[in-house]
Every structure is written in C-alpha cells, then in structure tokens.
Amino acid sequence: MFTRCWWMLVKWPVGVLAAALTMSVACGGGGIFNAASLGGNNPGDRANLQVIFINNTPFRAIFTYGTYDPLNKGFRPDARQFSADADPALRLERDSESEVITFTRCGRAFSLGGAELIDRLKDAGLTADLREEALQPGIAFSDKPLDDPGAGQATAGRAPEVVTEQGVEYPCGALLIYTLEVDPTQPSGFRVGLEVMP
C-alpha cells in the first residue's frame, strides 16, 4: 500500500481512520479488505471453483459448504450439504472421498460450516431444500448408523467452521481439496487440511 500510495498520506491528517481505510481499498491493499480479482476476462467475472472432500475420520461428516461474498450481500450464495440423507451422494461417510464438486460462481470466500454462509442462506430464503441438521455452524461428526435418531447429530464431536479466502488462499478456477482428520492435539479433536491446485 505504501509503495503505491505514499503520496496520498501527506494530504491527510495523521490518525484519520476512515481515510486510511478508504486508501487501503483504493490502492488494493490487504488488511481486512480482500480486493483480489474475481477472475474471468472482464472485471467482476467469476470463474468455476472445484472442490473435493476427503474424510479420513471413522465418522460421518455433516455440514453445509459453499461460496459467498463477504463484501457483497447482493452476491447470491451457492451452497450444498453433507448430511445423514438416504442418498449416498449427499453423505460424506467415514473413510470416503467425495466426487469433484463444481461451483459455477467463485465468491470471495469458501466456507465449511461457516455461520456467515448459513446466515446468508437464511436471509436469501435458500434453505427450503437444505437439511436442518447440517445448518449448524461447524462440522459435525456422527458415529451412529443411518437408521439411528442421532445419525445426523454431532455424536462424535464437532470441528469449528473453516472459511477460506479467495485471493489470499485460492484463485478462482482452482481445485480445493479439503481433508478431514482426527487430531487429538486440536481442542475439537479434529483438523481440516487444505490443498489448493490452481
């Protein structure tokens, strides 16, 4: 920021927070703003984003995942779920791997069990076809069989939400590979790893 816009500093009184924040955005600075390109040939275009989930735990994983734009509430969030659904394609069972899942819009954030994504879905009225058991913050793990009432509950624990930022951690058009692991060193007992393939 300072290498490109140092000349603007001399025109502003020291300590003017609003001006400093405005300059950070105008100059493409980092900080709390993610002003990275959203991909595509034209400004604002969004490329595809692909995701794979690998569940290396001995438990079923239950969560909502998807893409949204924290800076633009007009950006329609796009989300899917893993739950205790009868359809195997909608479950992420123990020691299993999902198919490659394609999102046709690349938002500024990709979320696994994120509270903000869930709130955006509710605010936009996009939860009618989603399972309530997976509309909880974090990643739930269940050790119950599908015919058990607790099949969709966090009977084996819950990992905290994971939010990955576009431009900081992945580019649009990338393949994101998330790996769920048991990790006794973590407070939740679980760890979520990420590998990005541009």
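Residues numbered from 1 in each chain as written. Predicted model: local features only at pLDDT ≥ 70, side-chain atom pairs only at ≥ 80, totals over all residues. Heavy atoms only, no water.

Some remarks on the side chain of Arg60
Part 1: One can find Arg60 in strand β2 (residues 60-68).
Part 2: Polar side-chain contacts of Arg60 include one of 3.0 Å to the side chain of Glu93. (Helix = DSSP H or I, 4+ residues; strand = E, 2+ residues; numbered from the N terminus. Polar contact = N/O pair within 3.5 Å; in protein donor to acceptor, adjacent residues only side chain to side chain.)

Looking at the nonpolar core
Part 1: If you look at the biggest cluster of nonpolar residues, it comprises 24 residues, and the most contacted ones within it are Phe53, Phe63, Tyr65, Phe110, Ile139 and Phe141.
Part 2: Each residue touching Tyr65, except ones within four places of it in the same chain, is listed here: Phe53, Asp78, Ala79, Arg80, Gln81, Phe82, Ile101, Phe103, Phe110, Ser111, Leu112 and Leu117.
Part 3: In this structure, Ala79, Ala109, Ile118 and Leu121 belong to the second largest nonpolar core, which totals eight residues. (Core = buried A, V, L, I, M, F, W, Y, C linked by side-chain atoms within 4.5 Å. Buried < 20%, exposed > 50% of the residue type's maximum accessible area, 1.4 Å probe, protein only. Contact = heavy atoms within 4.5 Å.)

Quick notes on the pairing of strand β7 (residues 139-142)
Part 1: Burial along β7 is two-sided: the residues Ile139 and Phe141 and Ala140 and Ser142 are all buried.
Part 2: Direction of pairing for β2 relative to β7: antiparallel, over a ladder of three bridges. Each bridged residue has a counterpart across the sheet, and for Ile62 the counterpart in β7 is Ala140.
Part 3: Relative to strand β8 (residues 157-159), β7 runs antiparallel, the two sharing three bridges. From the neighbouring strand, Ala140 faces β8, where its bridge partner is Arg158. (Pairing = 2+ DSSP bridges.)

A closer look at the pattern of salt bridges
Part 1: The full count for this structure, using the stated rule, is eight salt bridges.
Part 2: A salt bridge links Arg91 to Glu93; the shortest N-O distance between them is 2.7 Å.
Part 3: On the basis of relative accessible area, Glu93 is assigned to the partly exposed category, the value being 23%.
Part 4: The salt bridge partner of Arg120 is Glu116, with a shortest N-O separation of 3.1 Å. Taken together, the residues Arg120 and Glu116, both in helix α3 (residues 115-123) and four residues apart, mark about one turn of the helix. (Salt bridge = Lys/Arg side-chain N within 4 Å of Asp/Glu carboxyl O.)

A look at the environment of Thr102
Part 1: Relative to the elements of secondary structure, Thr102 occurs in strand β5 (residues 101-103).
Part 2: Between the C-alpha atoms of Thr102 and Ile52, which are 50 residues apart in sequence, the distance is 9.1 Å.
Part 3: With near-sequence residues (within four places) excluded, Thr102 lies in contact with Asn48, Leu49, Gln50 and Arg80.
Part 4: Within the local environment of Thr102, its side chain forms a polar contact with the side chain of Gln50, the two groups lying 3.2 Å apart.

A few points about the state of the cysteines
Part 1: A complete count under the given rule lists one disulfide for this structure.
Part 2: The residue that forms a disulfide with Cys106 is Cys172, at a sulfur-sulfur distance of 2.2 Å. With the S-S dihedral at roughly -85 degrees, the linkage between Cys106 and Cys172 falls on the left-handed side. One end of the pair, Cys106, is in the loop between β5 and β6 (109-112); the other, Cys172, is in the loop between β9 (162-165) and β10 (175-182), and 66 residues separate them in sequence. Like Cys106, the residue Cys172 is buried in the burial classification. (Disulfide = S-S within 2.5 Å.)

Notes on the confidence of the model for the protein chain
Part 1: Summing up the model confidence of the protein chain, the mean pLDDT is 84 and the portion of residues at 70 or higher is 77%.
Part 2: Across residues 1-35 the pLDDT falls below 50, and counting only partners more than four positions away or on other chains, this stretch makes 25 contacts in the model.
Part 3: Considering only residues more than four positions removed or in separate chains, one finds that residues 39-45, a stretch of pLDDT under 50, has five contacts. (pLDDT = per-residue confidence, 0-100.)

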